[in-house]
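# Remarks on the overall topology
Each chain, letter by letter, is given below.
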Amino acid sequence: MKVVILSGSVYGTAEEVARHAESLLKAAGFEAWHAARATLQDLQGFAPEAFLAVTSTTGMGELPDNLLPLFSEMRDVLPAAWRGLPGAVIGLGDSSYGDTFCGGGEQMRELFAELGINEVQPMLRLDASETVTPETDAEPWLAELIGKLRG
Ligand SMILES: Cc1cc2nc3c(=O)[nH]c(=O)nc-3n(C[C@H](O)[C@H](O)[C@H](O)COP(=O)(O)O)c2cc1C
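In this text, all values refer to a predicted model and were calculated from it rather than measured experimentally. For every chain, the first residue of the written sequence is number 1, and numbering continues from 1 onward in sequence order. Given that this is a predicted model, residues contribute local features only at a pLDDT of at least 70 and side-chain atom pairs are listed and counted only at 80 or more, while totals for whole chains, interfaces and linings are drawn from all residues. To obtain the side-chain values, all non-hydrogen atoms of the structure were used and water was disregarded.

## A closer look at the pairing of strand 4 (residues 86-93)
Residues in a regular strand point their side chains to alternate faces of the sheet. Each residue is placed in one exposure class: buried if its accessible area under a 1.4 Å probe, protein chains only, is under 20% of its type's maximum, exposed if it is over 50%, and partly exposed if it falls in between. Only runs of H or I of at least four residues qualify as helices and only runs of E of at least two qualify as strands under DSSP, and these elements are numbered from the N terminus. Along strand 4, eight of the eight residues are buried, which leaves the element largely enclosed by surrounding structure. Across five bridges, the pairing between strand 3 (residues 50-55) and strand 4 is parallel. For V54, the partnering residue across the bridge sits in strand 4 and is I90. Call a crossover right-handed when, viewed with both strands pointing away from you, the route from the first strand across the helix to the second goes clockwise. Taken together, strand 3, helix 3 (residues 68-77) and strand 4 constitute a β-α-β crossover, and its handedness is right-handed. Paired strands, in this sense, are two strands between which DSSP finds at least two bridges. When strand 4 meets strand 5 (residues 118-119), the two strands line up parallel, connected through two bridges. Opposite P86, over in strand 5, you have N118 as the bridge partner. Each parallel crossover has a hand, and the one from strand 4 via helix 4 (residues 103-115) to strand 5 is right-handed. Of the strand pairs in this sheet, strand 4 and strand 6 (residues 124-127) are connected by four bridges, and their pairing is parallel. Counted as the bridge partner of I90 is L124 from strand 6.

Encoded structure:
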């Protein structure tokens, strides 16, 4: 199964989590691709069968700049081929921001819903106030996701 990993990061933490997810998915036998600077065309060329989004939050609940172009393209085009595919989101944030905690991840969830991507497990929220080891903290959640994608 081909799994595309979309990532949005300002300082590199979410990027690290995305890279770790890519290696775990590959080790589990998936064809995982971390589409760090991909365009919509690149993504459609890969023909994903499942989606993982890993994004931090900046500003007041906003997506990092490096994810915005792809996010907008996906939202403008809403590729029909992706309807019904499984997906899941890892949101990074800081609970000290209150209401906007993991707002970037929430925006990805909304896009997945618009795309008809089926969120197969609840968003993982990684809180910078609580942890300095987000990659290892994501491992149990990723193991669960791997189980679900295997069906
Ligand atoms: C300027 C700035 C604004 C932020 N705004 C939010 C926010 O609105 N909500 C949130 O949950 N976290 C917010 N954060 C926290 C980051 O999302 C968090 O530290 C995350 O781990 C950073 O990941 P990154 O290194 O991939 O960018 C903000 C951080 C900075 C520096």
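And the narrative resumes.
## Describing unusual backbone geometry
A positive phi is found at L78, a non-glycine position, where the angle reads about 45°. The residue C102 is not glycine, and still its phi comes out positive at about 55°. Tracing the backbone shows C102 in the loop between strand 4 and helix 4. Given the relative accessible area of 0%, C102 is considered buried.

## Topic: the site of the ligand
Near the ligand there are 20 residues, and of these S9, T13, A14, T57 and T100 occur at the shortest range. Whenever two N or O atoms come within 3.5 Å, that pair is a polar contact, provided that in protein one can donate a hydrogen and the other can accept it, and provided that, for residues adjacent in sequence, both atoms are side-chain atoms. Separating an oxygen atom of the ligand from a backbone N or O atom of Y11 is a distance of 3.0 Å. Between an oxygen atom of the ligand and a main-chain N or O atom of G61, the distance comes to 2.8 Å. More than half of the atoms belonging to the ligand lie within 2 Å of the grid points that define the largest pocket. When contributions to the shell around the ligand are tallied by element, the ones reaching two or more residues are helix 1 (13-27) and strand 4. Residues are grouped as follows: nonpolar covers Ala, Val, Leu, Ile, Met, Phe, Trp, Tyr, Cys and Pro; charged covers Asp, Glu, Lys and Arg; every other residue, Gly included, is treated as polar. Looking at the shell around the ligand residue by residue, the class counts come to nine nonpolar, ten polar and one charged. Consider each residue's heavy atoms; a residue with any of them within 4 Å of a molecule or strand counts as near. Using a 1 Å grid laid over the protein atoms alone, points where a 1.4 Å probe fits but cannot get out form a cavity; open sets with protein on both sides within 12 Å along at least 5 of 7 lines form a pocket; any residue with an atom within 4 Å of a point counts as lining. Assignment to a cavity or pocket requires that more than half of a molecule's atoms be within 2 Å of the site's grid points.

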